[in-house]
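These are the residues of each chain, in order.
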Amino acid sequence: MTGARATLGCMDGFAEAQFARRYAALSSRDSRFDGQFIAGVHTTGIYCRPSCPAVTPKPGNVSFYRTAAAAHEAGLRACKRCQPDAVPGSPDWNLHDDLASRAMRLVHDGVVEREGVTGLAARLGYTSRHVSRVLRAELGAGPLALARAHRAQAARSLLAATELPVSDIAFAAGFGSLRQFNDTIGAVYRATPSELRALARRGASAPGKVPEGGAVTLRLPAREPFDGIGLFRFFADHGIHGFEEGDDTRFARPMRLPSGLAQVEVRLDPQRAGVVLTAQLAALADVPALTARVRRMFDLDADSVAIDAWLARDPDLAPLVAAVPGIRIPGTADPEEALFRTLVGQQISVAAARTVLGRIVEHFGGFPTASQLAERGDEVLRGPAARVRAIRQVAERVAAGDIPLDPATPVVELRRRLLALPGVGPWTAEYLAMRALGHPDAVPATDLVLKQSAAALGIADSPRAAWAPWRSYAALHLWRARPLTIRGGRIQSVE
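Residues numbered from 1 in each chain as written. Predicted model: local features only at pLDDT ≥ 70, side-chain atom pairs only at ≥ 80, totals over all residues. Heavy atoms only, no water.

## Quick word on the nonpolar core
- Judged by nonpolar contacts, the single largest core of 59 residues is most densely connected at Leu311, Leu339, Phe340, Val398, Leu418, Tyr473 and Leu478.
- Per element, the largest residue contribution to this core is six residues, and it comes from helix H22 (residues 471-480).
- If sequence neighbours within four positions are ignored, leucine 339 has contacts with Val394, Val398, Leu405, Leu418 and Leu432.
- Counting residues in hydrophobic clusters, the runner-up holds 53 residues, among them Tyr47, Leu76, Leu277 and Ala333. (Core = buried A, V, L, I, M, F, W, Y, C linked by side-chain atoms within 4.5 Å. Buried < 20%, exposed > 50% of the residue type's maximum accessible area, 1.4 Å probe, protein only. Helix = DSSP H or I, 4+ residues; strand = E, 2+ residues; numbered from the N terminus. Contact = heavy atoms within 4.5 Å.)

Here you go:
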């Protein structure tokens with residue numbers, strides 16, 4: 001059920017238990033559940049985040065929704081006190097690989113605004129009618145309503161974080177006209193854009209001036225705990241010279257977006273869990289796609305409390321989880337790029353891969369597209385002829401559209417298509433499922449470092465089925481723990 005009320009008396013056992021869990025979270029104002037569901041209060045006509053400080057409504061007056069769009073469809077407006085849209089997104093869309101979850105990833109990327117419902121359905125491989133029916137049944141709203149809610153949330157973020165004119169924000173958030181923007185903000189928030197800007201900044205430091213040249217700066221929140229330094233260190237250690245740069249708190253690189261190339265800088269937020277994103281954009285309309293991709297790249301929507309608690313049940317992993325709470329999957333700025341970086345880096349060290357990739361970037365004046373590698377890869381690719389040929393063949397398949405690499409790609413389909421390619425084995429398929437799609441349960445079981453780390457920690461049967469559905473995070477802990485061992489219950493370095 002997308003929005004069951006306790007007074008209806010028609011809930012089955014599962015729905016009753018789910019309602020009880022959500023109502024308990026609402027009653028205790030548990031912020032861990034912010035963004036995971038929405039509480040609609042029918043006596044007041046508003047919807048709230050679970051941690052809203054308002055008086056807890058009676059159970060019979062509450063409905064719970066998976067999306068803001070479903071609450072809008074029920075005639076509810078956003079609470080001005082708790083501002084339920086100013087939270088990390090739902091972890092469900094990355095945890096699950098069903099049609100509704102894959103559709104939500106594309107909605108957040110702005111596909112409905114760019115390609116319409118027909119384009120969304122085509123990417124998912126179904127008819128528009130079927131997609132709409134499934135989304136209404138699973139999420140309580142159709143694709144147009146979901147996209148409308150996402151535009152409203154994007155607009156709220158821009159109003160809060162920038163000094164951009166309201167007219168610019170309307171088009172940056174994906175609205176087709178200023179009138180449509182004003183009508184939507186009024187319907188969702190019962191406020192004008194100017195009133196919403198003041199409301200969204202309540203209790204927060206004022207934003208700086210708009211940087212010259214049209215750059216945009218946004219705060220992207222994450223759930224605590226958040227191992228941000230570990231993420232930034234990973235990106236810095238794997239960065240391509242002359243293309244990417246970073247350290248423990250900063251990472252910068254170009255990023256391909258629908259309207260063109262953007263120069264992106266991400267910094268660790270010094271005030272709260274999350275990151276601060278600054279981007280020089282080709283067009284403001286790229287803001288929704290940019291924020292969605294950076295959120296995936298930094299795994300900002302992960303439910304770290306649930307992940308850590310699950311993995312810590314294993315006494316062999318518990319010390320690693322305690323040492324690095326809130327570990328995150330390092331995603332990618334571009335899944336296509338991730339595929340070729342992985343292929344080039346197979347069977348060589350990270351340092352060697354960075355050298356080779358740096359030469360490729362220098363040759364092409366940026367990271368090449370699949371078409372460029374297919375046509376001119378032999379100008380710069382080095383190594384055995386069979387390996388070079390395999391990379392070019394993969395590039396040809398990707399350029400032809402035979403290998404879908406976007407947020408809507410089912411993990412099972414990605415694995416199947418990758419394993420059919422020359423030079424691609426199980427390790428590559430699992431690694432890309434983890435990093436390109438953000439899959440939480442990828443199992444690169446043949447990875448040498450994982451085996452070495454598990455052996456050093458006395459874990460004989462790794463990866464363990466009991467770690468599912470979070471085996472990607474278990475793998476990250478083992479990778480991070482390679483130079484560590486457990487002695488006397490304490491983690492110590494080994495040379």
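Once the structure has been displayed, the description carries forward.
## Quick notes on the environment of histidine 241
- Structurally, the position occupied by histidine 241 is in the loop between helix H11 (228-237) and strand S6 (245-246).
- Residue histidine 241 is classed as exposed on the basis of its relative accessible area of 72%.
- C-alpha separation for the pair histidine 241 and proline 258, spaced 17 residues apart in sequence, amounts to 25 Å.

## Looking at the sheet that holds strand S2 (residues 46-48)
- The strand order S3-S1-S2-S4 describes an open sheet built from four strands, whose pairing is mixed. Unpaired on one side and paired on the other, strand S3 (62-65) and strand S4 (77-78) mark the two borders of the sheet.
- Where strand S1 (residues 38-41) meets S3, four bridges bridge the pair, whose relative direction is antiparallel. When the sheet's bridge partners are listed, isoleucine 38 is paired in S3 with tyrosine 65.
- Running at roughly 105° to S3, helix H1 (residues 13-27) makes contact with S1 and S3 of the sheet. (Pairing = 2+ DSSP bridges. Axes fitted to C-alpha atoms, helices over the stretch in contact; angles between N-to-C directions.)

## Topic: helix H21 (residues 448-456)
- Of the residues making up H21, those classed as buried are Leu450, Ser453 and Ala454. Along H21, the residues classed as buried sweep out an arc of 100° about the axis, all on the same side. For H21, exposure combined with an orientation more than 90 degrees from the buried face picks out Leu448 and Ala455.
- Sitting at the head of H21, aspartate 447 places a side-chain oxygen 3.0 Å from the backbone nitrogen of valine 449. (Arc of directions from axis to C-beta. Polar contact = N/O pair within 3.5 Å; in protein donor to acceptor, adjacent residues only side chain to side chain.)

## A word on the side chain of histidine 477
- The topology assignment puts histidine 477 in helix H22.
- The buried category is assigned to histidine 477, whose relative accessible area is 2%.
- Apart from residues no more than four positions distant in its own chain, histidine 477 is found in contact with Leu311, Leu320, Val321, Val324 and Ile327.

## Let's talk about the sheet that holds strand S5 (residues 215-221)
- With antiparallel pairing, the five strands of this open sheet are ordered in space as S5-S9-S8-S7-S6. Both outer strands of the open sheet, S5 and S6, are each paired with one neighbouring strand and no more.
- Relative to strand S8 (residues 260-268), strand S7 (residues 250-257) is paired through eight bridges, and the arrangement is antiparallel. Residue methionine 255 lies in a different strand from S8, and its bridge partner there is alanine 262.
- Where helix H12 (residues 287-297) meets the sheet, it contacts S5, S7, S8 and strand S9 (274-280), and its direction lies at approximately 130° from that of S7.

## Describing the pattern of salt bridges
- Scanning the model with the defined rule gives 34 salt bridges in all.
- The residue glutamate 379 makes a salt bridge to arginine 376 at a minimum N-O spacing of 3.3 Å.
- Given the relative accessible area of 38%, glutamate 379 is considered partly exposed.
- Overall, arginine 376 belongs to the partly exposed group, its relative accessible area being 31%.
- Residue aspartate 441 is joined to arginine 471 by a salt bridge in which the shortest nitrogen-to-oxygen separation is 2.9 Å. One end of the pair, aspartate 441, is in the loop between helix H20 (426-435) and H21; the other, arginine 471, is in helix H22, and 30 residues separate them in sequence.
- By relative accessible area, which is 14% here, aspartate 441 ends up buried.
- Here the salt bridges share partners, and the residues they tie into one network are Asp109, Arg114, Arg293 and Arg296. (Salt bridge = Lys/Arg side-chain N within 4 Å of Asp/Glu carboxyl O.)

## Examining H1
- Between the first and last C-alpha of H1 there are 21 Å, a value that for 15 residues agrees with the 21 Å anticipated at 1.5 Å per step.
- Every buried residue of H1 is listed here: Ala15, Gln18, Phe19, Arg22, Tyr23, Ala25 and Leu26. The buried side chains of H1 occupy one side of the element, clustering within an arc of 155° when seen end-on.
- Considering only its buried residues, H1 is in contact with S1 and S3.
- Phi turns positive one or two residues past the end of H1, at arginine 29, with a value near 55°. (Expected span 1.5 Å × (residues − 1).)

## Here we look at the environment of alanine 54
- Within the element layout of this structure, alanine 54 appears in the loop between S2 and S3.
- Ignoring anything within four residues of it in the chain, the contact list for alanine 54 reads Arg29 and Arg81.

The values are spatial; any link to function lies outside them.
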